[in-house]
2 protein chains.
Amino acid sequence: MSQTPLPYRAHNHRACVDQALADAHRICNDAHARLTPTRERVLELIWQSHKPLGAYDLLGALAQEGQNAAPPTVYRALDFLQQHGLVHRIASLNAFVGCAHAGHRHTGFFLICRACRNVLELSAPQVAAAVDKAAQEEGFAAEDTTLEIAGLCPACQRESDHD
Amino acid sequence: MSQTPLPYRAHNHRACVDQALADAHRICNDAHARLTPTRERVLELIWQSHKPLGAYDLLGALAQEGQNAAPPTVYRALDFLQQHGLVHRIASLNAFVGCAHAGHRHTGFFLICRACRNVLELSAPQVAAAVDKAAQEEGFAAEDTTLEIAGLCPACQRESDHD
DNA sequence: GAATGCGATGTTATAATATTGCGTTCATTG
DNA sequence: CAATGAACGCAATATTATAACATCGCATTC
Ligand SMILES: [Zn+2]
Ligand SMILES: [Zn+2]
Ligand SMILES: [Zn+2]
Ligand SMILES: [Zn+2]
């Protein structure tokens, strides 16, 4: 059933990027929001890989391309992208990653490999349900869930077995 | 069964503090670790309330008490306290809170009220199990879970109903 | 076409959080 | 008491994020 998670295997990553950009154009269009060149470029940079990028990584990349970029440039683009559900912030890393389920309601849930740093975003309803239930039992009205799991991805587990 | 969560109701908070300090002494003693005056004072400051404190809040408090405190002073104490399971870092707030289950194996899980900022730490096995299961299904070896839920606590929900 | 409104951007400065490096002090122990 | 290693003091610096204010470009309206 469940597809082998992409970030940890060879895959045609160009397809990931193209999909993400196409989704972004559609979503922004539907929301009458402007996916300006800077915003699109930041999104594309984030999707260079499945590894989260820090704001200053993005800033450096923009600067190299000759853009007049200061921190607010990047943070504003990131705010926009987050608001439209196109990227997620990984609180435990202070870094940003493209959303793998843009356009779908979901409670993101991240598996972060401490070795290769790839991040897999899951949308596990049974986890979200368990969380909601536990919160409700305490009378707590949950609004926003941060769920980040650090560990070793399948590929890096095999690597460390070689020792 | 489940006790009404403490932070959101009036409670004898002195008992929370005393318990936390007693636990800390016992745990450090058992581990042959030194709960030095600075470390103990930082722990006590963190337990002043159930609201997370930032490192620089702690730093300010120490400075007011006449301690020669620089950032490393606080961060070192916090590292020590985290390593011995006496405090948790709340990644989504860059702040620290006392551990409510010191000495017991647990995967902390935090309900953070965005209004009063109190934090309740739960240890919900069914949530931890759901998380582990989801990770295992992806072949991921989970090591460390960050689970932080922002929302409104029972008391602050009643407050906002008054409108 | 000028005036206006408004979202997006540019620019500078600063705030807030966290770490590195190095020398000194102090507790423990043999 | 000397040796050891953990803990601490101190200065500098790194990293992440925001505040404040000026400007630009474009659409609407007069
Ligand atoms: Zn990909
Ligand atoms: Zn990996
Ligand atoms: Zn209490
Ligand atoms: Zn509250």
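Before reading on, note that the structure itself is shown above.
Residues numbered from 1 in each chain as written. Chains lettered and ligands numbered in written order. Predicted model: local features only at pLDDT ≥ 70, side-chain atom pairs only at ≥ 80, totals over all residues. Heavy atoms only, no water.

Outline the packing of helix α3 (residues 55-64) of chain A against helix α4 (residues 71-83) of chain A, supporting the account with residue identities and numerical values.
Residues and elements named next belong to chain A. Interaxial distance between α3 and α4 falls to 9 Å at its minimum, and their mutual angle equals 115°. The interaxial crossing formed by α3 with α4 has right-handed handedness. In this structure, α3 contributes Ala55, Tyr56, Leu58, Leu59 and Leu62 to the contact, and α4 contributes Pro71, Val74, Tyr75 and Leu78. Partitioning the contact of α3 with α4 into residue classes produces nine nonpolar, no polar and no charged. (Axes fitted to C-alpha atoms, helices over the stretch in contact; angles between N-to-C directions. Helix = DSSP H or I, 4+ residues; strand = E, 2+ residues; numbered from the N terminus. Left-handed = near helix turned anticlockwise from the far one by under 90°. Contact = heavy atoms within 4.5 Å. Nonpolar A, V, L, I, M, F, W, Y, C, P; charged D, E, K, R; others polar.)

I'd love a proper account of the pattern of salt bridges, names of residues and values included.
Applying the stated rule across the entire model yields 12 salt bridges over all chains. Here lysine 133 of chain A and glutamate 137 of chain A are joined by a salt bridge, their closest N and O atoms 3.2 Å apart. On the criterion of helical spacing, the pair formed by lysine 133 of chain A and glutamate 137 of chain A is a turn pair, its members being four residues apart in helix α5 (residues 125-137). Of the residues examined, lysine 133 of chain A reaches a relative accessible area of 48% and is grouped as partly exposed. In this structure, the salt-bridge partner of arginine 41 of chain B is glutamate 44 of chain B, at a minimum N-O distance of 3.3 Å. Of this pair, arginine 41 of chain B and glutamate 44 of chain B both sit in helix α2 (residues 37-46), three residues apart, roughly one helical turn. The exposure class assigned to arginine 41 of chain B is partly exposed, which follows from its relative accessible area of 23%. One salt-bridge network, held together by shared partners, links Arg41, Glu44 and Glu65 of chain A. (Salt bridge = Lys/Arg side-chain N within 4 Å of Asp/Glu carboxyl O. Buried < 20%, exposed > 50% of the residue type's maximum accessible area, 1.4 Å probe, protein only.)

Outline helix α1 (residues 13-30) of chain B, supporting the account with residue identities and numerical values.
All names here are of chain B. Here α1 is 18 residues long and its end C-alpha atoms lie 26 Å apart, about the 26 Å a rise of 1.5 Å per residue gives. Every buried residue of α1 is accounted for by His13, Cys16, Val17, Ala20, Leu21, Asp23, Ala24, Ile27 and Cys28. When α1 is viewed along its axis, its buried side chains cluster within an angular range of 160° and face the same direction. Of the residues in α1, the exposed ones pointing more than 90 degrees away from the buried face are Arg14, Asn29 and Asp30. Where the residues of α1 are buried, they touch α2 and α4 (71-83). A positive phi of about 55° marks histidine 32, the residue just after α1. (Expected span 1.5 Å × (residues − 1). Arc of directions from axis to C-beta.)

A description of the coordination of the zinc ion (ligand 3) should follow, citing residues and the corresponding values.
All names here are of chain B. The zinc ion (ligand 3) binds to the protein through His11 (NE2), His13 (ND1), Cys16 (SG) and His50 (NE2), with metal-donor distances spanning 1.9 to 2.2 Å. Between the four donor atoms coordinating the zinc ion (ligand 3), the angles at the centre fall across 99 to 126°, so the site counts as tetrahedral. Each donor residue of the zinc ion (ligand 3) belongs to the same chain, with the gaps between them written as H-x1-H-x2-C-x33-H. Taken as a pair, cysteine 16 in helix α1 and histidine 50 in the loop between α2 and α3 (55-64) lie far apart in primary sequence, 34 residues in all. Assigned by exposure class, cysteine 16 and histidine 50 land together as buried. (Donors = N, O, S within 2.8 Å, 3.2 Å for Na, K, Ca; no water. Tetrahedral: all angles 85-135°; square planar, octahedral: opposite > 155°, others 65-115°.)

Pulling in residues and values, what's your account of the pairing of strand β5 (residues 141-152) of chain A?
Summarising the sheet, strand β3 (residues 109-113) of chain A and β5 of chain A pair through four bridges and their orientation is parallel. Paired with leucine 111 of chain A across the two strands is isoleucine 149 of chain A, which belongs to β5 of chain A. (Pairing = 2+ DSSP bridges.)

Which residues make up the packing of aromatic side chains, and what values do they have?
All names here are of chain A. Scanning the model with the defined rule gives two aromatic pairs over all chains in all. Centre to centre, the rings of tyrosine 56 and tyrosine 75 are 6.4 Å apart; their planes meet at 65°, and the pair counts as edge-to-face. Of this pair, tyrosine 56 sits in helix α3 while tyrosine 75 is found in helix α4, placing the two residues 19 residues apart along the sequence. Here the basic side chain of arginine 39 rests over the ring of phenylalanine 80, its NZ or CZ set 3.9 Å away from the ring centre. (Phe/Tyr/Trp six-rings, centres within 6.5 Å; stacked < 30°, edge-to-face > 60°. Lys NZ or Arg CZ within 6 Å of the ring centre and 35° of its normal.)

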